[in-house]
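Coordinates in review
If you want the building blocks of each chain, they are given just below.
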Amino acid sequence: MSVSVLLVDDDEEFLAILAERLTIRGMDVTRAASGEATLDLVGATRFQVIVLDLQMPGMDGLAVLERLIALNPTQQIILLTGHATVTKGMRAMKLGAADLLEKPVDIRELAEKINAAASVGQRGPAGARAGQFLGPPQQTRRPGLLQNLRDLFACGE
Amino acid sequence: MSSYHGKVDSLGLSFFGSMTASISHELKNALAIINENAGLLGDLVVLSEKGRPLDPERMKTISENIRRRVQSADDIVRRLNRFAHSANQPVVSAGIRDIFACMVALSERLATMKGVSLALAPFDEIEVQTLPFVIENLLWICLKNIFLLAGAEQRVVLGACREAGDIVVTLHCTPEIPVEQLASTVAAEGQPLIFFLRMQIQADPDGSSLRLRMPIKFIE
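Fair warning: this is a prediction, and the values are worked out from it, not measured in the lab.

Before going further, it helps to spend a moment on the overall build of chain B. Looking only at helices and strands, chain B features 6 helices and 7 strands. Reading the helices (α) and strands (β) of chain B from amino to carboxyl end gives α-α-β-α-β-β-α-β-β-α-α-β-β. For 220 residues, the compact-globule estimate of 2.2 N^0.38 gives 17 Å, and chain B exceeds it by more than 25% at 21 Å. Taken along its principal axes, the extent of the C-alpha atoms in chain B is 75 × 35 × 35 Å. Every one of the 220 residues in chain B was classed for burial, and the buried ones make up 47%. In chain B, once contacts between residues fewer than 6 apart in sequence are set aside, the share between residues at least 24 apart is 74%. Surface exposure of chain B reaches about 10600 Å², of which carbon and sulfur atoms provide 56%. Across chain B, the centroid of the 22 positively charged side chains sits 4 Å from that of the 25 negatively charged ones.

With that settled, consider the nonpolar core. Counting residues in hydrophobic clusters, the biggest one holds 62 residues, and the most contacted among them are Ile96(B), Leu139(B), Ile146(B), Val156(B), Leu171(B), Leu210(B) and Leu212(B). Per element, the largest residue contribution to this core is 11 residues, and it comes from helix 4 (residues 132-149) of chain B. Residue contacts for Val156(B): discarding those within four places in its chain leaves Val116(B), Ser117(B), Leu118(B), Ala119(B), Leu143(B), Ile146(B), Leu171(B), His172(B) and Ile177(B). Residues Ile78(A), Leu101(A), Ile107(A) and Ala32(B) belong to the second largest nonpolar core, which totals 24 residues.

All names here are of chain B. Burial of the side chains of strand 6 (residues 200-203) is restricted to one face: Ile201 and Ala203 are buried, whereas none of Gln200 and Gln202 on the reverse face is. Of the pairings in the sheet, the one linking strand 6 to strand 7 (residues 209-215) comprises 4 bridges and is antiparallel in character. Residue pairing across strands places Ala203 opposite Leu210, the latter belonging to strand 7. Where strand 6 hands over to strand 7, the hairpin turn is made up of 5 residues, of which Gly207 adopts a positive phi near 70°.

Now for the pattern of salt bridges. Residue and element names in this part refer to chain B. The tally for this structure, following the rule as stated, stands at 23 salt bridges over all chains. The partner of Glu163 in a salt bridge is Arg213, with the nearest N and O atoms 2.6 Å apart. With a gap of 50 residues between them, Glu163 in strand 4 (residues 154-163) and Arg213 in strand 7 connect regions that are remote in the sequence. Overall, Glu163 belongs to the partly exposed group, its relative accessible area being 26%.

Another point: the interface of chain B and chain A. Contact residues are listed per partner, giving 22 residues for chain B and 20 residues for chain A. Roughly 1900 Å² is buried in total at the junction of chain B and chain A, and carbon and sulfur atoms are behind 54% of that figure. For the chain B face of the interface with chain A, the top three residues by lost area are Lys28(B), Glu36(B) and Met113(B), together amounting to 35%. Our count for the contact surface shared by chain B and chain A stands at 8 salt bridges. The salt bridge involving Asp43(B) is made with Arg21(A); its shortest N-O contact spans 2.8 Å. Between chain B and chain A we count 12 residue pairs in polar contact (both at pLDDT 80 or more) in total. At the level of secondary structure, the elements contributing two or more residues to the side of chain B that touches chain A comprise helix 1 (2-49), helix 2 (56-87) and helix 3 (96-113) of chain B. Ranked by the residues each element gives to the side of chain B that touches chain A, the list is headed by helix 1 of chain B, at 15 residues. For the side of chain B that touches chain A, the per-class residue count stands at 7 nonpolar, 8 polar and 7 charged.

Criteria and thresholds
Residues numbered from 1 in each chain as written. Chains lettered and ligands numbered in written order. Predicted model: local features only at pLDDT ≥ 70, side-chain atom pairs only at ≥ 80, totals over all residues. Heavy atoms only, no water. Helix = DSSP H or I, 4+ residues; strand = E, 2+ residues; numbered from the N terminus. Rg over C-alpha atoms; globule rule 2.2 N^0.38 Å. Buried < 20%, exposed > 50% of the residue type's maximum accessible area, 1.4 Å probe, protein only. Contact = heavy atoms within 4.5 Å. Areas by Shrake-Rupley, 256 points an atom, 1.4 Å probe, with all protein chains shown as cover. Lys, Arg positive; Asp, Glu negative; His and termini not counted. Charge placed at Lys NZ, Arg CZ, Asp CG, Glu CD. Core = buried A, V, L, I, M, F, W, Y, C linked by side-chain atoms within 4.5 Å. Pairing = 2+ DSSP bridges. Salt bridge = Lys/Arg side-chain N within 4 Å of Asp/Glu carboxyl O. Buried area = accessible area lost by both parts, 1.4 Å probe. Polar contact = N/O pair within 3.5 Å; in protein donor to acceptor, adjacent residues only side chain to side chain. Nonpolar A, V, L, I, M, F, W, Y, C, P; charged D, E, K, R; others polar.

Printed below as a string of structure tokens:
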């Protein structure tokens with residue numbers, strides 16, 4: 001069964017092309033061009049993974065992330081950003097992002113991250129609860145994010 | 001005096017950092033779309049090798065998208081180059097409209113993020129003898145504070161006129177922007193630049209515009 005992905009970015013051209021490329025890779029992709037549209041969509045449909053642009057006009061990515069996690073604490077969310085800052089990256093991690101990738105993104109890496117996040121999500125709330133017994137939640141649920149933050153900020157902000 | 005120049009330099013460095021960070025973000029976005037278009041071309045070729053026919057019109061469209069985004073990235077680099085040179089210019093003769101256009105282009109992405117639209121009023125070009133970078137810096141302090149004070153869907157129109165031997169720059173704001181508060185914030189934050197440019201800053205009595213008045217020729 002194909003992974004259901006909600007792709008969120010305010011640049012409609014970027015959104016359309018990336019959606020097509022992920023669809024070619026067998027994913028079931030829905031698009032949203034704003035934070036507000038994202039919240040409307042998740043109210044009606046469940047997505048295994050949400051790929052979210054960090055910087056958008058109006059409600060920005062972190063605000064959307066916070067709302068999405070409040071609605072569904074086990075929602076798998078991958079953040080995409082032009083430039084990550086240490087502050088935003090750390091806040092994203094604390095809020096519960098599964099991973100963070102910088103644009104331009106390698107499609108193979110993104111597809112791998114989406115598939116990995118979808119399999120974590122398939123374990124569901126029970127899996128997430130079981131993980132809490134193994135250590136701090138951010139270390140068991142988001143190893144990819146921690147590594148990417150280390151890579152992105154190796155030279156400072 | 002050296003401490004005062006230090007404050008002007010420090011504000012300038014902070015301004016330069018904000019602008020170049022924003023420009024690098026714009027470039028990243030342009031590169032991201034070029035990357036996706038190029039990647040899509042590759043994907044379509046791989047699919048054609050598996051038997052799906054290539055659509056020449058689609059290929060033309062993608063190729064045109066790449067060309068357009070490369071042009072857009074080139075415009076961003078030109079803007080960066082012009083801005084970088086303004087930082088090392090001495091006192092020069094410059095058109096105030098050109099300075100506004102540069103600032104609007106540099107700030108547009110940040111304005112859009114905050115839901116503010118920027119425009120230039122129709123007015124004839126006015127030549128000023130000045131340090132363009134210092135004016136750009138002060139305009140940025142004005143715009144940055146407008147972004148902080150304004151809600152979404154606000155509009156700012158930049159204009160200028162001559163008054164005796166001075167030039168008066170106006171930032172006409174939509175009614176929701178508290179211009180009195182803006183004037184006092186800019187006066188405090190931009191004080192070294194305002195002193196450097198021998199500028200007076202005030203809110204219009206009707207509260208619709210911020211007025212920046214300075215000599216048309218820079219006084220050393």
